[in-house]
Amino acid sequence: MASAAIYSLFIINKSGGLIYYKDYGSAGRTDTNDSLRLASLWHSMHAISQQLSPTPGCAGIDLLQADNFDLHCFQSLTGTKFFAVCETGAQNIEVLLKVIYELYTDFVLKNPFYEMEMPIRCELFDLNLAQVIQKDRVALLGR
Amino acid sequence: MIGVGKAKQYANVLDKPLSRGRQEVSLSAFAFLFSEMVQYNQTQVDNIAELERRLEDAGYAVGARVLELLCHREKGNKREIRLLHILGFIHSTVWKVLFGKGADSLEKGTEHEDEYMISEKELLVNRFISIPKDMGAFNCGAFVAGIVRGVLENAGFPAVVTAHFVPIEGQQRPRTTILIKFAEEVLQREARLG
């Protein structure tokens with residue numbers, strides 16, 4: 001699994017609205033307004049990058065590398081984007097994002113009380129997400 | 001099965017043996033279908049008690065049919081007349097056919113003579129469902145309670161069956177208990193049978 005810590009996780013719906021935000025540790029913490037702004041900003045950048053690409057068939061930004069952090073993004077076939085801000089040089093975050101996508105399809109989409117495109121308030125999703133991240137951490141510390 | 005032995009042609013479709021069918025169904029497919037059923041019923045009712053009743057009624061229909069099918073297929077058309085036997089039937093055979101494994105436990109209630117409980121760590125129907133806080137004690141396991149009621153009532157053991165969450169200390173998720181309260185006549189009959 002991932003071998004470095006992730007700072008925060010965002011999930012945005014097809015229209016760019018933030019539906020889930022979780023931060024891990026103080027490094028990634030942003031307040032509500034900032035996280036909403038960041039989500040819509042990323043949504044627009046992702047869309048623009050598809051147009052800007054010199055080669056045809058670009059699916060958007062997968063990875064953004066900066067001095068202090070990496071941002072990995074995974075877009076599902078329906079346009080829901082999962083992106084994680086993590087440490088530079090983090091490994092296997094794409095795999096982690098795919099696992100989170102699976103948790104989303106299981107505990108959010110199969111929940112009859114969840115309205116599509118609305119913020120995610122599902123206890124089981126939170127529980128299982130915490131377990132996955134925790135298992136990741138343990139694997140990291142164990143090395 | 002195709003190609004195995006010589007397929008016997010039956011003149012009357014009623015003479016064809018009941019096939020066992022495919023033993024497994026996709027869990028995701030069932031989860032989505034159940035989720036849609038809950039959502040559909042939510043649009044039709046005004047309050048939570050009504051929603052629970054509707055899910056239970058849906059389960060009742062399933063229970064009635066499952067009893068007929070399993071009596072024929074699993075038990076060779078034998079009818080249970082004792083309380084413990086029918087409970088054992090539900091707890092092992094019915095659960096195994098519907099959910100792939102037997103129920104976790106079957107207990108007799110300590111406070112009342114007519115109460116029995118089937119417990120599960122987590123009902124299959126509830127596996128992907130998170131109840132929002134404002135719905136209080138609502139449990140989609142009402143569907144399973146309906147199934148149990150359908151089986152019991154059609155086997156001649158009228159009962160009131162409900163599903164409850166029982167919080168367990170040390171665990172984040174509560175256990176689910178199906179509480180079965182038998183009608184007076186059932187207990188009297190049991191006492192007469194000795």
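Residues numbered from 1 in each chain as written. Chains lettered and ligands numbered in written order. Predicted model: local features only at pLDDT ≥ 70, side-chain atom pairs only at ≥ 80, totals over all residues. Heavy atoms only, no water.

As recorded in an unreviewed UniProt entry, chain B goes by the name Trafficking protein particle complex subunit, listed as coming from Zizania palustris. You can read under Sequence similarities (unreviewed entry) in the UniProt record for chain B the words "Belongs to the TRAPP small subunits family. BET3 subfamily." Its UniProt record, at the heading Subunit (unreviewed entry), says of chain B: "Part of the multisubunit TRAPP (transport protein particle) complex." (UniProt positions renumbered as here; feature names shortened; annotations may be inferred.)

The name an unreviewed UniProt entry assigns to chain A is Trafficking protein particle complex subunit, from the organism Zizania palustris. The annotation that UniProt attaches to chain A under Subunit (unreviewed entry) is "Part of the multisubunit transport protein particle (TRAPP) complex." Per its UniProt entry, chain A bears the Sequence similarities (unreviewed entry) comment "Belongs to the TRAPP small subunits family."

(A) Highlighting unusual backbone geometry. Within the chain, Asn92(A) stands out as a residue other than glycine whose phi angle is a positive 60°. Among the secondary structure elements, Asn92(A) is positioned in the loop between β5 (81-87) and α2 (93-108). (Helix = DSSP H or I, 4+ residues; strand = E, 2+ residues; numbered from the N terminus.)

(B) Quick peek at the layout of surface pockets. Residues and elements named next belong to chain B. Within this model, the largest pocket holds a volume of roughly 870 Å³. Together, 27 residues line the largest pocket, and Gln23, Val25, Val97, Leu98 and Phe99 are the ones closest to its centre. If you list the elements that add at least two residues to the lining of the largest pocket, you get α1 (27-44), α2 (48-73), α3 (83-99) and α4 (142-154). No other element matches α3, which puts six residues into the lining of the largest pocket. Across the lining of the largest pocket, the residue classes tally to 15 nonpolar, five polar and seven charged. (1 Å grid on protein atoms, 1.4 Å probe; cavity = no way out; pocket = protein on both sides within 12 Å on 5 of 7 lines; lining within 4 Å. Points joined across faces, edges and corners; volume = space filled by probe spheres on them. Nonpolar A, V, L, I, M, F, W, Y, C, P; charged D, E, K, R; others polar.)

(C) Quick look at the sheet that holds strand β2 (residues 18-23) of chain A. Residues and elements named next belong to chain A. The five strands lie next to each other as β2-β1-β5-β4-β3, forming an open sheet whose pairing is antiparallel. The open sheet has two free edges, formed respectively by β2 and β3 (63-65), since each of these has just one partner strand. For this sheet, the mean inter-axis angle between neighbouring strands, taken without regard to orientation, is 10°. In the sheet, strand β1 (residues 6-12) pairs with β2 via five bridges, with the strands oriented antiparallel. By the bridge assignment, Ser8 is partnered in β2 with Asp23. (Pairing = 2+ DSSP bridges. Axes fitted to C-alpha atoms, helices over the stretch in contact; angles between N-to-C directions.)

(D) Here's a closer look at helix α1 (residues 32-52) of chain A. Residues and elements named next belong to chain A. Over its 21 residues, α1 runs 30 Å from end to end, which matches the ideal 30 Å to within 8%, given 1.5 Å per residue. Within α1, the full set of buried residues consists of Ser35, Ala39, Trp42, His43, His46 and Ser49. End-on view of α1: buried residues confined to an arc of 130°, all on one side of the axis. For α1, the exposed residues lying more than 90 degrees away from the buried face are Arg37, Leu41, Gln51 and Leu52. On the buried face of α1, the contacting elements are β1, β2, β3, β4 (69-75) and β5. (Expected span 1.5 Å × (residues − 1). Buried < 20%, exposed > 50% of the residue type's maximum accessible area, 1.4 Å probe, protein only. Arc of directions from axis to C-beta. Contact = heavy atoms within 4.5 Å.)

(E) Summary view of the pattern of salt bridges. Applying the stated criterion across every chain, the model contains 18 salt bridges over all chains. With a shortest N-O distance of 2.9 Å, Arg37(A) and Asp34(A) are connected by a salt bridge. Separated by three residues within a single helix, Arg37(A) and Asp34(A) lie in helix α1, roughly one turn from each other. We classify Asp34(A) as partly exposed; its relative accessible area is 36%. Between Asp57(B) and Arg53(B) there is a salt bridge, and its shortest N-O distance comes to 3.2 Å. Of this pair, Asp57(B) and Arg53(B) both sit in helix α2, four residues apart, which is roughly one turn of that helix. When its relative accessible area of 44% is taken as the criterion, Arg53(B) is described as partly exposed. Each of Glu50(B), Arg53(B), Glu56(B), Asp57(B), Arg149(B) and Glu153(B) takes part in one network of salt bridges that share partners. (Salt bridge = Lys/Arg side-chain N within 4 Å of Asp/Glu carboxyl O.)

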